Amino acid sequence: MAACSGDGAGGGGGNDSDKPGDLTIGVSMPTQTSERWIADGTSVKEKLEAKGYKVDLQYAGDDIPTQSQQIDQMITRGADVLIIAAIDGTALSGQLQAAADAKIPVIAYDRLIRDSPNVDFYVSFDNYKVGVAQATALLVGLGLKNKDGSDGDAKGPFNIELFAGSLDDNNAHFFFNGAMDTLKPFLDAGTLKVKSGQTKIDQVAILRWQQEGAQKRMEDLLTSSYNDGSKVHGVLSPYDGLSRGIITALQNAGYRDDMSVVTGQDAEIASVKLINDGVQSSTIFKDTRLLAEQAVVAGESFLQDKTPQANDTETYNNGVKVVPSYLLPVQTVFKDDIKSVLIDSGYFTAEEVAAGQAKG
Ligand code: BGC
């Protein structure tokens, strides 16, 4: 176990005599181009500072060497705990070894860090269930299923296309597997057809989860597989940023009232507006406030020489060991759910949804 009694500056893990004000938590986040990571970073920082801890929060601009360097610096500056949302889940073994050598506990935040024994805890959502929820939302959007799980009235067959996230993000595989397990019976029965034939994760993945990458791939798909006048009825998209790129490509090709059923994830404000306007079909809401809270609880446990409480000790094998995890549930949001799930919980105001912009 990496948790230990502190042994001075850079000793990590805190010490019985340390006051919160003497302890620093390094928080490494991947990028500020996606709203969710800004919300995550801000929430973790505010919650830790409210408890009196010092916080060293860094964003890496989706650049792997930058993230490695930032973590190196956090270790040198004497961080007592590290909370890391990795860009490339396999690229941080060296940093994690340095953290272990300095007895600094490491919490993987939302994205599992792979191929290292030095990951002490993992806080995330149930990522397989995110994929199930995305595929289910696609089926509901197409009318093949009802929200209550019963069969819908639609018969199909429907043309769909599939997208996945960045292959170096462990979550991308969980999302895709959950989705494909859910879609398989419909694909086998011919109710759903992937007209491009691209059904393998490495054919449909978008590097770094980039919106432009998704737009480009959707444009290519429209040109290569839908130039015979056929329609794309649905698109499995694992993240709102990708969904916006996909929607742009479809709009540029003339889709309007006949817009495809496009799924998403993260309830980013621009996409929530698109859902409210009837353009995007759904998103998956992951309450980053709750995730930040769990990261803080886990971080504090390590600082107090305790073991954080896990609710899953089986699912997340990082290639070296099963990392004890705390997983949170997720919620699907269609237009009808915006008020009850996102506005009533205080995540967004009605004005923000109407404007498609968060006040921050
Ligand atoms: C997160 C998703 C997010 C994606 C792109 C994943 O690791 O779990 O919530 O949409 O990264 O940022």
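Residues numbered from 1 in each chain as written. Predicted model: local features only at pLDDT ≥ 70, side-chain atom pairs only at ≥ 80, totals over all residues. Heavy atoms only, no water.

Caption draft 1: Representation of the overall build of the protein chain in the model. Scanning the protein chain from N- to C-terminus turns up 12 helices and 12 strands. Its C-alpha atoms give the protein chain a radius of gyration of 21 Å, near enough to 21 Å, the size a compact globule of 360 residues would have. Element-wise, carbon and sulfur atoms account for 49% of the exposed surface of the protein chain, whose accessible area totals about 14600 Å². Counting 32 positive and 49 negative side-chain charges, the protein chain places the centres of these two groups 3 Å from one another. (Helix = DSSP H or I, 4+ residues; strand = E, 2+ residues; numbered from the N terminus. Rg over C-alpha atoms; globule rule 2.2 N^0.38 Å. Areas by Shrake-Rupley, 256 points an atom, 1.4 Å probe, with all protein chains shown as cover. Lys, Arg positive; Asp, Glu negative; His and termini not counted. Charge placed at Lys NZ, Arg CZ, Asp CG, Glu CD.)

Caption draft 2: Seen up close, the packing of helix α8 (residues 240–252) against helix α9 (residues 269–276). Between α8 and α9, the shortest axis-to-axis distance is 9 Å and the interhelical angle comes to 55°. If you check the angle between α8 and α9, you find them oblique. Considering how the two elements wind past one another, α8 and α9 form a crossing that is left-handed. Of α9, the residues touching α8 (which contributes Asp240, Arg244 and Ile247) are Ala270, Ser271 and Leu274. Here the residues of the contact of α8 with α9 are counted per class, giving 3 nonpolar, 1 polar and 2 charged. (Axes fitted to C-alpha atoms, helices over the stretch in contact; angles between N-to-C directions. Parallel < 35°, antiparallel > 145°, perpendicular 65-115°, else oblique. Left-handed = near helix turned anticlockwise from the far one by under 90°. Contact = heavy atoms within 4.5 Å. Nonpolar A, V, L, I, M, F, W, Y, C, P; charged D, E, K, R; others polar.)

Caption draft 3: Focus on the confidence of the model for the protein chain. In the predicted model, the protein chain carries a mean pLDDT of 95, and 95% of its residues have values of at least 70. Confidence drops under a pLDDT of 50 for residues 1–10, and excluding neighbours within four residues, the segment shows 23 contacts in the predicted structure. (pLDDT = per-residue confidence, 0-100.)

Caption draft 4: Layout of the UniProt feature "domain: Periplasmic binding protein" (unreviewed entry) in the protein chain. Here the UniProt feature "domain: Periplasmic binding protein" (unreviewed entry) sits at residues 25–303. Helix makes up 47% of residues 25–303 and strand makes up 14%, while its end C-alpha atoms are separated by 10 Å. (UniProt positions renumbered as here; feature names shortened; annotations may be inferred.)

Caption draft 5: Layout of the site of the ligand. Taken together, Arg36, Trp37, Asp110, Arg111, Asp169, Asn171, Phe175, Trp209, Tyr239, Gln265, Asp266 and Lys286 form the complete shell of residues around the ligand. With respect to the ligand, the side chain of Trp37 contributes an N or O atom lying 2.9 Å from an oxygen atom. Coverage of the ligand by the protein chains reaches 98% of its 310 Å² of free accessible surface. Listed by contribution, the elements that provide at least two residues to the shell around the ligand are α1 (35–50) and α5 (170–189). Residue composition of the shell around the ligand, by class: 4 nonpolar, 2 polar and 6 charged. (Near = heavy atom within 4 Å. Polar contact = N/O pair within 3.5 Å; in protein donor to acceptor, adjacent residues only side chain to side chain.)

Caption draft 6: Region of interest: the nonpolar core. In terms of nonpolar packing, the biggest core is built from 26 residues, with Ile25, Val27, Leu48, Ile83, Ile107 and Tyr109 touching the most fellow members. Sorting the residues of this core by element identifies β1 (24–29), α1, β2 (54–59), β3 (81–84), β4 (106–109), β5 (121–125) and α10 (288–303) as the ones contributing at least two each. Top contributing element to this core by residue count: α10, with 7 residues. Those residues in contact with Ile107 that lie beyond four places of it in its chain are Val81, Leu82, Ile83, Ile84, Phe121, Val123, Ala295, Ala298, Gly299 and Phe302. Phe175, Leu222, Val232 and Leu242 belong to the second-largest nonpolar core, a separate cluster that totals 24 residues. (Core = buried A, V, L, I, M, F, W, Y, C linked by side-chain atoms within 4.5 Å. Buried < 20%, exposed > 50% of the residue type's maximum accessible area, 1.4 Å probe, protein only.)

Caption draft 7: Representation of the packing of helix α7 (residues 211–225) against α8 within the structure. Running from amino to carboxyl end, α7 crosses α8 at an angle of 35°, the nearest separation of the two axes being 7 Å. Where α7 crosses over α8, the handedness of that crossing is right-handed. Touching Gln211, Ala214, Gln215, Met218, Glu219 and Leu222 of α7 are Gly241, Leu242, Arg244, Gly245, Ile246, Thr248, Ala249, Leu250 and Asn252, all from α8. Residue composition of the contact of α7 with α8, grouped by class: 7 nonpolar, 6 polar and 2 charged.

Caption draft 8: Geometry of the side chain of Asn171. Here Asn171 lies in helix α5. Accessibility expressed as a relative area gives 1% for Asn171, which makes it buried. At 3.3 Å, the side chain of Asn171 forms a polar contact with the side chain of Tyr122.

Caption draft 9: Spotlight on the side chain of Ser325. Inspection of the secondary structure puts Ser325 in strand β11 (residues 325–328). Polar contacts involving the side chain of Ser325 include one to the main-chain carbonyl oxygen of Val323, which spans 2.8 Å. With residues up to four places along the chain from it excluded, the contact list for Ser325 reads Phe121, Tyr122, Ala310, Asn311, Asp312 and Tyr316.

Caption draft 10: Expanded view of the environment of Asp312. Here Asp312 is to be found in the loop between α10 and β11. On the accessibility criterion, Asp312 (15% relative accessible area) is buried. Spatially, the C-alpha atom of Asp312 lies 18 Å from that of Phe302, the residues being 10 residues apart in sequence. Sequence-distant contacts of Asp312, that is, excluding residues within four places in its chain, are made with Val323, Pro324, Ser325 and Leu327. Among the polar contacts made by the side chain of Asp312, one reaches the main-chain amide nitrogen of Glu314 at a distance of 2.9 Å. Of the polar contacts made by the side chain of Asp312, one reaches the side chain of Thr315; its length is 2.6 Å.

Caption draft 11: Main features of the pattern of salt bridges. Considering all chains together, one arrives at 19 salt bridges under this definition. The partner of Asp188 in a salt bridge is Lys184, with the nearest N and O atoms 2.8 Å apart. You can see Asp188 and its partner Lys184 sitting in helix α5, 4 residues apart, about one turn around the helix. Judged by its relative accessible area of 46%, Lys184 is partly exposed. (Salt bridge = Lys/Arg side-chain N within 4 Å of Asp/Glu carboxyl O.)

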